[in-house]
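# Survey of secondary and tertiary structure
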Amino acid sequence: MEKKSSRISHELCFMFLFLFLSSCSICHGLQNVISEHELLLSLKASIHDPLSFLSNWKNTSFCNWNGVSCNSNSTYVTGINLSGKNLSGRISESLFEFFNIEKIDLSNNQLSGDIPKNVFSCPSLVHLNLSNNNLTGWIPKGWIPKLEKLDLSNNFLSGVIPEGIGFFSGLHYLDLGGNALVGHIPKSITNLTRLQDLTLASNQLVGELPLELGFMKSLKFIYLGYNNLSGGIPKELGELARLNHLNLAFNNLTGEIPSSLGNLIELNYLFLYFNKLTGPIPKTIFNLKKLISLDVSDNLLSGEIPELVSNFRALEVFHLFSNNFSGKIPKSLASLPHLQVLQLWSNKFSGEIPYDLGKYNNLTILDLSTNNLTGNIPASLCNSGHLHKLILFSNSLEGDIPKSLRHCKSLERVRLQNNRLSGELSSDFTKLPLVYFLDLSSNNLSGNVNNWAWNMPKLQMLSLARNGFFGEFPDLFASSKLEKLDLSGNYFSGSIPPIIGKFSELMELKISHNMVSGKIPDELSLCKKIVNINLSYNFITGGIPETLSTLPVLGNLDLSSNQLSGEIPKTLGTVESLVQVNLSHNHFHGNLPSTGVFATINSSAVTGNNLCGGASIANLPPCKETKNFNWWFLGMALAAILAVFIFIMVLLYVKRRKEFVHEVKMKVESKLDGGNEWELLFFDHNASKLLAIDEILHFLREHKNVAATKNIQYFVKEFNEINLKSDHHIIELKEIGKVRHPNIVKLIAICKSDKGRLVLVHEFIEGKKLSEVIRELSWESRMKVAVGIAKALNYLHGCCSSAPIIIGNITPESIFVIDGKDEACLKLNPPGMIFPNTTKCLVSSKYIAPETKETKEITESSDMYGLGLILIELLTGKTPVDAEVGLHENLVDWARYCYSDCHLETWVDPLLKTHASKKPNHIVEVMNIALQCTARDPAARPYAGDVAKVLESITRSSNLCY
């Protein structure tokens with residue numbers, strides 16, 4: 001009885017305990033439902049939902065809400081997936097307060113702001129994806145042991161990678177790429193022994209690759225490209241037996257490729273391009289039989305490529321370009337059945353192209369240009385029927401263009417220029433349906449190309465220049481998309497057909513050095529996008545059609561060495577875009593216009609005619625005065641006198657306005673400078689009341705370049721290196737202080753101590769340096785910047801003082817872009833930028849004109865060279881340092897090469913491609929003026945005022961298009 005009573009009491013205890021726990025569980029579950037419901041509503045309140053994807057997030061069961069997943073009992077949230085819903089706003093901290101959540105995916109939206117600090121507070125979280133948003137700030141500290149996937153890629157995150165990343169012991173996938181992370185790769189990352197996919201690409205990471213990466217045996221994918229990593233490639237990486245992808249491209253890696261990488265037998269992709277690697281490719285690499293793509297381009301690699309390349313049975317892409325490889329191209333390349341892309345350009349390969357290349361391959365792109373190749377072009381290159389790019393220029397190839405290529409219907413881009421090819425073109429070759437770029441220039445080709453119709457509907461660029469072609473103007477008029485046509489240096493005859501006006505997209509027409517006769521057709525004026533016309537060295541007769549004056553973007557006109565006659569149309573001097581004209585060695589007579597381009601025309605461009613008058617720079621004799629006195633002449637004379645009077649008054653006004661700048665001079669002692677005496681010269685009356693020398697020195701002592709006082713800010717900078725023994729420098733600075741122009745930062749004050757210290761105070765510009773924002777600017781903004789710089793130079797060179805003020809070193813660092821206005825302000829600072837005789841410290845700058853580096857003298861033309869470089873940078877996104885690769889010694893040479901030999905899409909800044917696709921002529925026009933500004937002959941460079949007019953004209957044209 002006692003045992004039974006005891007058993008009953010135990011059962012009752014267990015029953016009460018069960019009921020208690022059940023009630024607690026129910027209460028907890030009810031509380032959990034309420035709290036998670038509120039958390040979801042809090043998340044919804046923090047974001048903007050233009051597609052109304054969250055419209056059903058209301059008072060019903062949250063497990064039925066869009067993007068929300070729950071457990072099987074529908075009691076708590078296990079996942080939130082809002083990927084690709086065009087959401088914006090900020091991420092609420094409530095998102096990371098779900099106790100049982102396993103997956104969060106907010107990728108591919110427009111979310112902004114910092115990542116919440118409690119992001120790693122969900123202990124059950126397994127997958128977290130916040131990629132492809134606009135998130136900023138640092139990566140918060142913390143870790144989640146269960147987390148397997150962390151993707152924060154393609155945001156705007158900054159700061160360093162947290163050292164605590166090594167505590168995420170469960171990670172299989174880590175992607176922090178596409179941000180602005182700095183610092184070193186933390187060695188603690190090597191604690192992630194389960195990690196299979198590591199992506200830190202496209203950041204600003206520095207330092208060496210941790211050799212400990214070789215201990216992470218689970219790694220299959222390594223993406224560390226597009227950083228600033230240095231040092232060698234650790235040989236320990238060869239221990240990663242499971243590795244499939246290795247991408248270390250676009251860094252500053254040095255040394256040789258480790259032979260241990262040949263142990264990576266599972267490797268499919270090896271990308272080491274754009275580094276500074278040296279030596280040969282190790283023979284062990286050719287043991288990687290599963291390799292699909294090998295890219296070691298843009299390095300300093302050398303040596304020969306062995307026939308062992310035949311081991312690459314799976315290889316599809318083989319990039320060795322821009323190195324120093326030599327020897328013959330391996331014949332065994334022709335045996336690779338999957339090879340699609342072969343690019344070996346810009347090396348020192350010699351010998352013949354393997355005769356059966358393409359026969360057993362699946363070639364789509366072949367580029368062997370700029371080598372020392374000889375022999376014939378193999379007939380088998382297009383056997384696959386898929387070859388769309390054939391680039392073989394700048395070699396010593398001989399013989400005919402293979403007949404097999406005439407049937408290669410897949411071809412799109414063909415560049416065979418600068419070889420020794422001979423023979424005639426076949427009619428089928430001029431009927432390839434997809435070819436948009438065809439360059440056969442500088443060969444020994446011949447024949448009458450007008451014997452058949454050119455039926456190439458996609459053709460945009462055609463160059464047959466410097467060959468032996470003859471006959472009349474080729475029938476190209478089925479190619480309505482033609483943008484560039486170069487027939488120069490041949491034996492073409494007959495006249496330019498009027499039907500040329502149908503080329504509505506034409507930007508460049510070159511027919512120089514031929515035997516063309518007849519008149520310039522009026523219909524040429526229908527080509528409204530044309531920028532460059534060169535008809536020189538022919539037998540063209542008649543006059544210059546006045547209709548050419550209606551061409552809105554014409555920049556270059558070369559009609560020299562023809563049989564043209566008559567007077568120069570005065571309207572040609574009104575074409576604002578026209579910056580270069582050559583009319584020499586014709587039979588023109590009468591008065592040369594003195595407006596527009598003719599106001600600055602070089603005498604060599606009008607010699608060999610019977611012209612008179614014009615601007616003094618043309619060195620032409622004065623036109624004979626009419627003997628019959630009439631009132632019209634008197635009226636014109638009075639008008640001229642009036643114009644001179646007005647001009648003098650304007651000059652006096654400008655001079656008076658400049659001199660009106662109120663100077664305030666004072667001498668004071670400084671407590672912060674040991675009682676030394678300072679001489680202060682203010683060019684702003686108000687600033688003299690607000691700024692004291694001790695305040696200026698205080699900010700300098702704290703290494704601040706912005707002085708803030710009484711709600712007004714100024715730029716302050718000290719120049720200790722200036723030699724102040726002569727007052728000449730101070731006189732020069734005083735001239736700068738009087739400059740007042742909206743595109744030039746005002747010099748507010750000069751502060752000079754009796755101990756040789758010099759401090760300049762400039763007005764504060766609310767903006768950033770051009771070098772910091774250039775990639776963020778739209779086409780319209782870049783044009784505003786360009787116009788502003790040109791106007792500033794025009795003012796400095798001729799309008800602001802009796803003698804021009806030369807800068808000598810215009811760089812993106814000296815140009816400020818005003819926030820919200822995208823207007824440029826040029827900041828003038830010594831040395832060299834003001835003082836014409838102090839250029840020794842400037843000659844190492846990439847923005848200095850070549851003649852300045854030689855003579856140590858700066859001129860107005862030197863400034864124009866710098867302006868040209870800035871224009872090239874605005875167009876291409878490249879800096880003078882970026883372009884120093886391959887065969888091109890500097891940015892200008894690269895730009896000239898691209899402008900003449902490449903399709904626009906290959907050199908324009910990718911951020912401008914939308915505008916380039918709609919209005920490519922705008923891009924071409926600006927590049928044209930940029931190349932004129934950077935002409936090798938300083939005398940050939942245009943004046944700043946002319947450049948400003950051209951750029952303003954292009955800007956107006958751009959604005960009309962939108």
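For clarity, every value in this text was computed on a predicted model and none was experimentally measured.

## As for the state of the cysteines
Under the criterion given, the structure shown has three disulfides. Residue C63 pairs covalently with C70 via a disulfide, S to S 2.1 Å. Between C63 and C70, the S-S torsion sits near -95 degrees, and that sign places the bridge as left-handed. In this structure C63 comes out as buried when scored by relative accessible area, which is 14%. The disulfide that involves C612 links it to C623, with 2.0 Å between the sulfurs. The disulfide joining C612 to C623 has a torsion of about 95 degrees about its S-S bond and is therefore right-handed.

## So, unusual backbone geometry
Note: most peptide bonds trans; most residues except glycine with negative phi. The backbone phi angle of S322 is positive, close to 55 degrees, even though this residue is not glycine. With respect to the helices, strands and loops of the structure, S322 is situated in the loop between β22 (317–319) and β23 (324–328). Residue classification places S322 among the buried positions, given a relative accessible area of 8%. One non-glycine residue, Y537, lies in the positive phi region at around 55 degrees. Look at Y537 and you get partly exposed, because its relative accessible area is 43%.

## Notes on the environment of I870
Mapped onto the secondary structure, I870 falls in helix α9 (residues 860–876). Residues I870 and Y847 lie 23 residues apart in sequence; the distance between their C-alpha atoms is 8.5 Å. Contacts of I870, omitting those with residues within four sequence positions, involve L770, I789, I810, T811, P812, I815 and Y847.

## Some remarks on the pattern of salt bridges
The full count for this structure, using the stated rule, is 11 salt bridges. Taking the shortest distance from any N to any O, the salt bridge between R757 and E718 comes out at 2.7 Å. Taken together, the residues span a long stretch of sequence, with R757 in the loop between β49 (747–753) and β50 (758–763) and E718 in strand β48 (residues 712–718) at a distance of 39 residues. With a closest N to O distance of 2.9 Å, D909 and R775 form a salt bridge. Taken together, the positions of D909 in the loop between α10 (891–901) and α11 (913–918) and R775 in the loop between α6 (770–773) and α7 (779–798) put the pair 134 residues apart, joining distant regions of the chain. We classify D909 as buried; its relative accessible area is 0%. Take R775: its relative accessible area is 41%, and that puts it in the partly exposed class.

## Things to note about the packing of α7 against α9
Helices that pack against each other are described as a pair by the angle of their axes relative to one another and the distance between those axes. Between α7 and α9, whose axes approach to 11 Å, the crossing angle comes to 175 degrees. As judged from the angle between their axes, α7 and α9 are roughly antiparallel. Residue-level inspection shows W779, R782, A786, I789, A790, L793 and H797 of α7 in contact with α9, the latter providing E860, D863, M864, L867, I870, L871, L874 and L875. Residues that form the contact of α7 with α9 fall into these classes: 11 nonpolar, one polar and three charged.

## Notes on the pairing of strand β17 (residues 252–256)
As paired strands, strand β15 (residues 228–231) and β17 are joined by two bridges and run parallel to one another. Bridge pairing in β17 links S230 to N252. With three bridges joining them, β17 and strand β19 (residues 276–279) adopt parallel strand pairing. By the bridge assignment, G255 is partnered in β19 with L277.

## Examining the packing of aromatic side chains
Within this structure, the stated rule accounts for 16 aromatic pairs. Residues W57 and W65 carry aromatic rings whose centres are separated by 5.4 Å and whose planes lie at 25 degrees to one another, so their mutual orientation is stacked. W65 shares its class with W57; the two are buried. For the ring pair F62 and W65, a centre distance of 6.4 Å and an interplane angle of 75 degrees mean the geometry is edge-to-face. An aromatic cluster is present here, built from Y226, F250, Y269, F271, Y273 and F274 joined pairwise through their rings. Against the face of F53 rests K85, its NZ or CZ located 4.5 Å from the ring centre. When the ring centre of F715 is taken as origin, the NZ or CZ atom of K827, which lies over that ring, is 4.3 Å away.

## Things to note about the sheet that holds β23
Strand order in this open sheet of nine strands is β11-β13-β15-β17-β19-β21-β23-β25-β27, and the pairing throughout is parallel. Both edges of this open sheet fall to β11 (182–183) and β27 (372–374), since each of them pairs with a single strand only. Pairing between strand β13 (residues 204–208) and β15: three bridges, direction parallel. Residue pairing in the sheet places V206 in a bridge with N228 of β15.

## Some words on a nonpolar patch on the surface
Judged by side-chain polarity, F470, Y491, M515 and F539 come together as a nonpolar surface patch covering roughly 430 Å² of accessible area. You can see Y491 is positioned in strand β37 (residues 491–492).

## So, the sheet that holds strand β45 (residues 664–669)
Sheet architecture is open: six strands sit in the order β45-β46-β49-β50-β48-β47, paired in antiparallel fashion. Each end of this open sheet is capped by a strand with a single partner; those strands are β45 and β47 (706–709). Shown here is a sheet whose adjacent strand axes are inclined to one another by a mean of 25 degrees, direction ignored. Taken together, the six bridges between β45 and strand β46 (residues 677–682) define a ladder with antiparallel strand orientation. Bridge assignment links V668 to a residue of β46, and that residue is W678.

## Things to note about the nonpolar core
If you look at the biggest cluster of nonpolar residues, it comprises 171 residues, and the most contacted ones within it are L128, L174, L224, F312, L342, L438 and W454. Secondary structure elements with two or more residues in this core: α1 (2–45) and β3 (77–81). Tallying contributions element by element places α1 first for this core, with three residues. In this structure L342 touches F318, L333, L357, L363, I365, L366, D367 and L368, once residues within four positions along its chain are discounted. In terms of nonpolar packing, the next biggest core, distinct from the first, is built from 76 residues, I810, I872, W907 and A916 among them.

## Things to note about helix α4 (residues 693–701)
Within α4, burial applies to I693, I696, L697, F699 and L700. Projected down its long axis, α4 shows its buried positions confined to an angular sector of 160 degrees, all on one face. Close packing links the buried residues of α4 with β45, β46, β47, β48, β49 and β50. Immediately beyond the C-terminal end of α4, within one or two residues, lies H703, with a positive phi of roughly 60 degrees.

## Remarks on the confidence of the model for the protein
With 88% of its residues at a pLDDT of 70 or more, the protein shows a mean pLDDT of 84. Confidence drops under a pLDDT of 50 for residues 1–34, and excluding neighbours within four residues, the segment shows four contacts in the predicted structure. Per-residue pLDDT stays below 50 along residues 653–660; that stretch engages in five contacts with residues further than four places along the chain or on separate chains.

## Quick notes on the pairing of strand β21 (residues 300–303)
Where β19 lies against β21, two bridges are found, and the strand directions are parallel. The residue bridging T278 from the neighbouring strand is L300, located in β21. Bridge analysis of β21 against β23 gives two bridges, and the strand direction is parallel. Its bridge partner being in β23, S302 is matched across the sheet by N324.

## Things to note about helix α12 (residues 920–933)
With 14 residues, α12 extends 20 Å between its outermost C-alpha atoms, agreeing within 8% with the 20 Å of an ideal straight helix rising 1.5 Å per residue. Summarising burial for α12: 14 of the 14 residues are buried, a large majority.

## Some words on the packing of α9 against α12
One way to put it is that α9 packs onto α12 with a least axis distance of 7 Å and a crossing angle of 150 degrees. One element, α9, and the other, α12, form an angle in the roughly antiparallel class. Handedness of the crossing formed by α9 with α12: left-handed. Contacts between α9 and α12 involve M864, Y865, G868, L871, I872, L875 and T876 on the former and, on the latter, I923, V926, M927, I929, A930, L931 and C933. Looking at side-chain class alone, the contact of α9 with α12 contains 12 nonpolar, two polar and no charged residues.

Criteria and cut-off values
- Residues numbered from 1 in each chain as written.
- Predicted model: local features only at pLDDT ≥ 70, side-chain atom pairs only at ≥ 80, totals over all residues.
- Heavy atoms only, no water.
- Disulfide = S-S within 2.5 Å.
- Buried < 20%, exposed > 50% of the residue type's maximum accessible area, 1.4 Å probe, protein only.
- Helix = DSSP H or I, 4+ residues; strand = E, 2+ residues; numbered from the N terminus.
- Contact = heavy atoms within 4.5 Å.
- Salt bridge = Lys/Arg side-chain N within 4 Å of Asp/Glu carboxyl O.
- Axes fitted to C-alpha atoms, helices over the stretch in contact; angles between N-to-C directions.
- Parallel < 35°, antiparallel > 145°, perpendicular 65-115°, else oblique.
- Nonpolar A, V, L, I, M, F, W, Y, C, P; charged D, E, K, R; others polar.
- Pairing = 2+ DSSP bridges.
- Phe/Tyr/Trp six-rings, centres within 6.5 Å; stacked < 30°, edge-to-face > 60°.
- Lys NZ or Arg CZ within 6 Å of the ring centre and 35° of its normal.
- Patch = residues over 30% accessible without salt bridge, like charges linked within 9 Å, V, L, I, M, F, W, Y side chains within 5 Å.
- Areas by Shrake-Rupley, 256 points an atom, 1.4 Å probe, with all protein chains shown as cover.
- Core = buried A, V, L, I, M, F, W, Y, C linked by side-chain atoms within 4.5 Å.
- Arc of directions from axis to C-beta.
- pLDDT = per-residue confidence, 0-100.
- Expected span 1.5 Å × (residues − 1).
- Left-handed = near helix turned anticlockwise from the far one by under 90°.

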